[in-house]
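So you can see what is in the structure, the chains are spelled out below.
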There are 4 protein chains.
Amino acid sequence: MKVLGNGYVELLESMGDDLAIVNAARKSFDTESKEFSDKDRKLLRYMWDNKHTSPFEMVEFKFAVKAPLFVVRQWQRHRTWSYNEVSRRYTSNNLDFHIPAELRFQSKENKQASSCETLSKNKNNDLNKLIRKHIRNSITIYNKMIDEGVCREQARMVLPQNMMVEMVAKVDLSNLIKFLKLRNHPHAQLEIQEYAREIENIITQIVPETMKLYYKSNAKK
Amino acid sequence: MKVLGNGYVELLESMGDDLAIVNAARKSFDTESKEFSDKDRKLLRYMWDNKHTSPFEMVEFKFAVKAPLFVVRQWQRHRTWSYNEVSRRYTSNNLDFHIPAELRFQSKENKQASSCETLSKNKNNDLNKLIRKHIRNSITIYNKMIDEGVCREQARMVLPQNMMVEMVAKVDLSNLIKFLKLRNHPHAQLEIQEYAREIENIITQIVPETMKLYYKSNAKK
Amino acid sequence: MKVLGNGYVELLESMGDDLAIVNAARKSFDTESKEFSDKDRKLLRYMWDNKHTSPFEMVEFKFAVKAPLFVVRQWQRHRTWSYNEVSRRYTSNNLDFHIPAELRFQSKENKQASSCETLSKNKNNDLNKLIRKHIRNSITIYNKMIDEGVCREQARMVLPQNMMVEMVAKVDLSNLIKFLKLRNHPHAQLEIQEYAREIENIITQIVPETMKLYYKSNAKK
Amino acid sequence: MKVLGNGYVELLESMGDDLAIVNAARKSFDTESKEFSDKDRKLLRYMWDNKHTSPFEMVEFKFAVKAPLFVVRQWQRHRTWSYNEVSRRYTSNNLDFHIPAELRFQSKENKQASSCETLSKNKNNDLNKLIRKHIRNSITIYNKMIDEGVCREQARMVLPQNMMVEMVAKVDLSNLIKFLKLRNHPHAQLEIQEYAREIENIITQIVPETMKLYYKSNAKK
């Protein structure tokens, strides 16, 4: 479940499955299914195709995540999740930073994106060294401020945005699918795409029937 | 778990407990607690007292509910829950209605509430008979319309607002506590208070430490 | 702005327009547009096509609505709106009810919907009389309970679900568009479709460029 | 409306006022007030005291904000706002950074906060120079990466967290009050407190009666 080298996404807990979705939709508690049947599959597809999203809200996932600050910032724009993150007001320990394996060129067509091409190995190595040195310098300045007694909430301002952030993040399946459609998408930044794909793998174990519909609807486009 | 005679509230599924709240708050995954300790109790109280509500969002409950329409209407004003209810567009079966055990007088002080006093046994019986007859008449008219081929979505308009509604309702602990504070409150309608108290009993089994703080904070007022 | 005879939807207040959407998206406050240009139109279409919905949240509408209870119930399932409604716990005045102009047959294909065909004029008249009589009976029983001193919050339980409800309802443009796509849709109940179409007419005055994109995307399907 | 030197918060647009709150609560459109009266004041206070928050949702504010990244991160944890911010995936222009006027000591009592005491003038000057130099170095590395063709979405990772961020942020009054109670609070970071106080000043012009209740309830604690 490693992502981006020193990051990760891990399922801590979940509630419900494909059957729970279908049974919430039926709501006729006497006739609810005990096992996922072909009839349930048909109902699930009907709800998916007709955007009856509320039964998909009945399944819940809680993840532990470690990701670069710039990824967490994109993630937390999704306001239907619950978040708890390690606060840098509270601790100066366990500083960790993202080092890019490859640097990508700016896209020529899309002002907001990167291209698929990466810099030459040499250029990449040179800039990588520069980034590593910059991280070391940043930590030195940070530690100097902490040593002088500066409060953590101010001292952190010198740390660069590839700082790794740890959080617990909880969401229901309906809103998770919206997240995945936006974040495992060519327009999204490659780094958050990797987290999205890892989440797809994880939840396919829990809601395989729903994820079949998800993959099929992605393939159509 | 019966409420109001023919209604009920029942826990279908839940995710997380007191320990999950505290561990989400710590977010230092290495040092997380395995068992709820005195230190955890102290942290839980600190978060409660200082309104750090986000860790309480990490616990989730899914209920099956059957309640009169006028109660469901008050319930669904809470927009942080997920709901799936049996639609009267879809089925004309299993019609069921709330019969009040006791009728209360209008409050003299609060324009919006009922008083604690109830009507005399005789008056109560007379009006009860009237209500039962009204329900029978309503069903007769409804069935006549259905028999003539009228669509269910229109025919239901003649059914009175004590019609029982079944739903699946899911919410996190933080928002459930806000619900309970408003709905197990003397200003709330007595009928929804009964559902709120039943929910308090149910979740005390799951998050006993949090509910101790809840009961204590209610007692203070 | 009359809907369904004795109902209505009326714009009370709004904030923002097409230009506000585009300028929020630019966020470069120096170079913001003063008038909606072709460049703005291009940006608006780009955001619409790529589901960049957040700038559309920057426009806000506040409506006064009067609608049958069964329509209001469907409306209030949309949890991104703010609602204030006249409470029947508070007042026993101004009771008003929806009388259907035409009764529709149950659909044969869709278990949840009505067909386009309506009952014969004679059948319609007969059932209409029955509904009117039922309303009168319901009011008589309600008033009897009120006269006996029964609290309003209980007495209302005998009133049928075609009771008219008045509310103030506020929403941003992005979530209003989701509402319109679901509610001015052949699967939605005809009665709420009429409110949705009226809202489309109203907001086309405020955000004409966005509504062009909306109508175009509906036409494609 | 300047905050923290090179930051600001500015009201772009608003909808509604004290009267709109009261009239939404009355919802009896015939008897609505034209001018804010003593009766309205009494109703407003009743709703405030009894936490009838929904009428306060009927007023809406849209702000332009420029704030350090670490402040914006705290701000955006409030999920009831709408946000649009200048994306560093999109532009490499107008880089600007927060320079702290004063550095505060770490609090001894509260692990999460700063103390009221600030570092000596000399220490402050020394560290200030260090921060300024660090910013210049960070910009140099950033520009080098941009010059080599590295995509903006990756290059930004080297920029420190005192980078200034510009955004449009919209919220209703009820949720804004929750924000202000948490953020103009001694437990909040001093920097975001300054934005909260500036917002209090701004909206007191729009909803003076509500803000009287707000200030009074703060004074009680």
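Only a predicted model underlies this, so the values are computations on that prediction, with no experimental measurement involved.

Visitor: Just to check I follow, could you spell out the overall build of chain A for this structure?
Guide: A count of helical and extended segments in chain A gives eight helices and seven strands. Taken over the C-alpha atoms alone, chain A extends approximately 65 × 40 × 25 Å along its principal axes. The burial tally for chain A puts 57% of its 221 residues in the buried class. Pairs at least 24 apart in sequence give 70% of the contacts found in chain A among residues at least 6 apart. Of the roughly 9,800 Å² that chain A leaves accessible, carbon and sulfur atoms contribute 48%. Distance from the positive charge centre (37 side chains) to the negative charge centre (28 side chains) of chain A: 6 Å.

Visitor: Explain the sheet that holds strand β3 (residues 60-68) of chain A here, please?
Guide: Whenever strands of a sheet pair, they do so through backbone hydrogen bonds, lying parallel or antiparallel. Residue and element names in this part refer to chain A. Pairing in this open sheet of five strands is antiparallel, and the strands run β1-β2-β3-β7-β4 from one edge to the other. Among the strands making up the open sheet, the edge pair consists of β1 (2-3) and β4 (82-85). Strand direction decides the pairing type here: β4 and strand β7 (residues 164-172), joined by four bridges, are antiparallel. The partner of Tyr83 across the bridge, within β7, is Ala169. With respect to the sheet, helix α6 (residues 173-183) is in contact with β3 and β7, its orientation differing from that of β7 by roughly 125°.

Visitor: Mind showing me how you'd approach the relation of the copies chain A and chain D here?
Guide: Taken together, a rotation about one axis and a shift along it account for how the two chain copies relate. Superposing chain A onto chain D requires a rotation of 180° together with a translation of 0.0 Å along the rotation axis, leaving an RMSD of 0.0 Å. In symmetry terms, the pair is related by a two-fold rotation axis. Of the C-alpha atoms belonging to chain A, the one lying closest to the rotation axis is found on Pro160 of chain A, 2.0 Å away. Here 100% of the interface residues in chain A have copies in chain D that are interface residues too; the copies meet face to matching face.

Visitor: Could you clarify how one ought to interpret the packing of helix α6 (residues 173-183) of chain C against helix α7 (residues 190-204) of chain C in this entry?
Guide: The description of two packed helices rests on the angle between their axes and on the distance between the axes. All names here are of chain C. Contact geometry for α6 and α7: axes closest at 9 Å, N-to-C directions at 140°. Viewed along their axes, α6 and α7 adopt a mutual orientation that is oblique. As for how α6 packs across α7, the hand of that crossing is left-handed. Contacts between α6 and α7 pair Leu173, Leu176, Phe179, Leu180 and Arg183 from the former with Ile192, Gln193, Ala196, Ile199, Glu200 and Ile203 from the latter. Residue composition of the contact of α6 with α7, by class: eight nonpolar, one polar and two charged.

Visitor: Teacher, can you tell me more about the pairing of strand β7 (residues 164-172) of chain D here?
Guide: Each regular strand shows side chains that alternate between the opposite faces of the sheet. Residue and element names in this part refer to chain D. Within β7, eight of the nine residues are buried, which leaves the element mostly enclosed by the surrounding structure. In this sheet, β7 lies alongside strand β3 (residues 60-68) in antiparallel orientation, the contact comprising nine bridges. Across the sheet, the residue bridging to Val65 is Met167, located in β7.

Visitor: I'm lost on the UniProt feature "binding site: FAD" (unreviewed entry) in chain A in this one. Help?
Guide: Per the UniProt annotation, the sites labelled "binding site: FAD" (unreviewed entry) are Ser54, Arg77, His78, Arg79 and Glu85 of chain A. Annotated residues spanning 32 residues; largest pairwise C-alpha distance 27.9 Å, indicating distribution over more than one region. Assignment of secondary structure puts Arg77 of chain A in the loop between α3 (69-75) and β4. Apart from the residues lying within four places of it in its own chain, the contact partners of Arg77 of chain A are Gln76, Tyr83, Asn84 and Glu85 of chain D. Here Glu85 of chain A is to be found in strand β4. When sequence neighbours within four positions are dropped, the list of residues in contact with Glu85 of chain A reads Val72, Gln76, Val165, Glu166 and Met167 of chain A, Lys27 of chain B together with Arg73 and Arg77 of chain D.

Visitor: Help me understand the UniProt feature "active site" (unreviewed entry) in chain A in this model?
Guide: Residues and elements named next belong to chain A. The sites that UniProt annotates as "active site" (unreviewed entry) are Arg183. Following the sequence through the fold, Arg183 ends up in helix α6. Taking relative accessible area as the criterion, Arg183 reaches 16% and is therefore assigned buried. Residues within four places of Arg183 in sequence aside, it is in contact with Gln74, His78, Ala188, Ile192, Gln193 and Ala196.

Visitor: Hey, could you run me through the interface of chain C and chain A in this one?
Guide: The extent of an interface is frequently quoted as the accessible surface area lost upon association of the parts. Contacts between the two partners involve six residues from chain C and, on the opposite side, six residues from chain A. Roughly 650 Å² is buried in total at the junction of chain C and chain A, and carbon and sulfur atoms are behind 28% of that figure. Per-residue buried area on chain C facing chain A is highest for Glu57, Arg79 and His187 of chain C; these three make up 41% of the total on that side. Applying the counting criterion to the chain C and chain A interface returns two salt bridges. Arg79 of chain C serves as the salt-bridge partner of Glu57 of chain A, at 2.7 Å between the closest nitrogen and oxygen. Across the chain C-chain A interface, the total number found is two residue pairs in polar contact (both at pLDDT 80 or more). Partitioning the side of chain C that touches chain A into residue classes produces one nonpolar, three polar and two charged.

Visitor: Is there a simple way to explain the sheet that holds strand β1 (residues 2-3) of chain B in this structure?
Guide: If you trace the five strands from one edge of the open sheet to the other, you get β1-β2-β3-β7-β4 (chain B), paired in antiparallel fashion. Of all strands in the sheet, those bounded by a partner on one side alone are β1 and β4 (82-85) of chain B.

Visitor: It is not clear to me how the domain arrangement of chain A should be interpreted in this structure. Could you clarify?
Guide: Residues and elements named next belong to chain A. On domain assignment, one finds that chain A holds domain 1 (2-97 + 165-220) and domain 2 (99-161). Computed from C-alpha atoms alone, the centre-to-centre distance between domain 1 and domain 2 is 29 Å. Opposite the 13 residues of domain 1 that make contact, domain 2 presents 13 residues. Summed over both sides, the interface between domain 1 and domain 2 buries roughly 1,300 Å², with carbon and sulfur atoms accounting for 57% of that surface. Considering only the surface of domain 1 that becomes buried against domain 2, Arg88, Arg89 and Phe97 emerge as the three largest contributors, covering 45% of it. On the surface where domain 1 and domain 2 come into contact, there are two salt bridges. In this structure, Arg104 and Glu191 form a salt bridge, with 2.9 Å as the shortest nitrogen-oxygen distance.

Conventions adopted
- All chains use their own residue numbering, which begins from 1 and follows the written sequence.
- Labels are handed out in written order, letters beginning with A for the chains and numbers beginning with 1 for the ligands.
- Where local features are concerned, this predicted model is filtered to residues with pLDDT of at least 70; where side-chain atom pairs are given and counted, the filter is 80 or more; whole-chain, interface and lining totals use all residues.
- Side-chain metrics in this entry use all non-hydrogen atoms of the structure; hydrogen atoms and water are not considered.
- Secondary structure counts use DSSP, requiring at least four H or I residues in a row for a helix and at least two E residues in a row for a strand, with both numbered from the N terminus.
- Accessibility here uses a 1.4 Å probe with only protein chains present; expressed as a share of the type maximum, an area under 20% marks a residue as buried, one over 50% as exposed, and anything in between as partly exposed.
- We call two residues in contact whenever any of their non-hydrogen atoms come within 4.5 Å of each other.
- With residues, only the protein chains shown are counted as cover, and all accessible areas are computed by Shrake-Rupley using a 1.4 Å probe.
- Charge convention: Lys and Arg are scored as positive, Asp and Glu as negative, and His as well as the terminal groups of each chain are ignored.
- Positions of charges follow a simple convention, taking NZ of Lys, CZ of Arg, CG of Asp or CD of Glu.
- Paired strands, as defined in this entry, are two strands with at least two bridges between them according to DSSP.
- Angles shown run from 0 to 180 degrees and are taken between the N-to-C directions of axes, each axis being a line fitted to C-alpha atoms and, for helices, limited to the stretch in contact.
- Here the copies were fitted onto each other by least squares, based on C-alpha atoms from residues at pLDDT of at least 70 in both.
- Every angle not falling under 35 degrees, over 145, or within 65 to 115 is termed oblique; those three ranges are roughly parallel, roughly antiparallel and roughly perpendicular.
- Should the near helix be turned anticlockwise from the far one by less than a right angle, the crossing is left-handed, and should it be turned clockwise, the crossing is right-handed.
- Gly falls in the polar group here, along with every residue not listed as nonpolar (Ala, Val, Leu, Ile, Met, Phe, Trp, Tyr, Cys, Pro) or charged (Asp, Glu, Lys, Arg).
- UniProt positions are given in the numbering used here, feature names are shortened, and annotations may be inferred rather than shown by experiment.
- Defined in terms of a 1.4 Å probe, buried area is the accessible area two parts forfeit on being brought together, summed over both.
- Counted as salt bridges are all cases of a side-chain nitrogen of Lys or Arg within 4 Å of a carboxyl oxygen of Asp or Glu.
- Two N or O atoms count as a polar contact when they lie within 3.5 Å, although within protein this holds only if one can serve as hydrogen donor and the other as acceptor, and sequence-adjacent residues are included solely when both atoms are side-chain atoms.
- Residue ranges assigned to the domains are those given by an automatic or database domain assignment.

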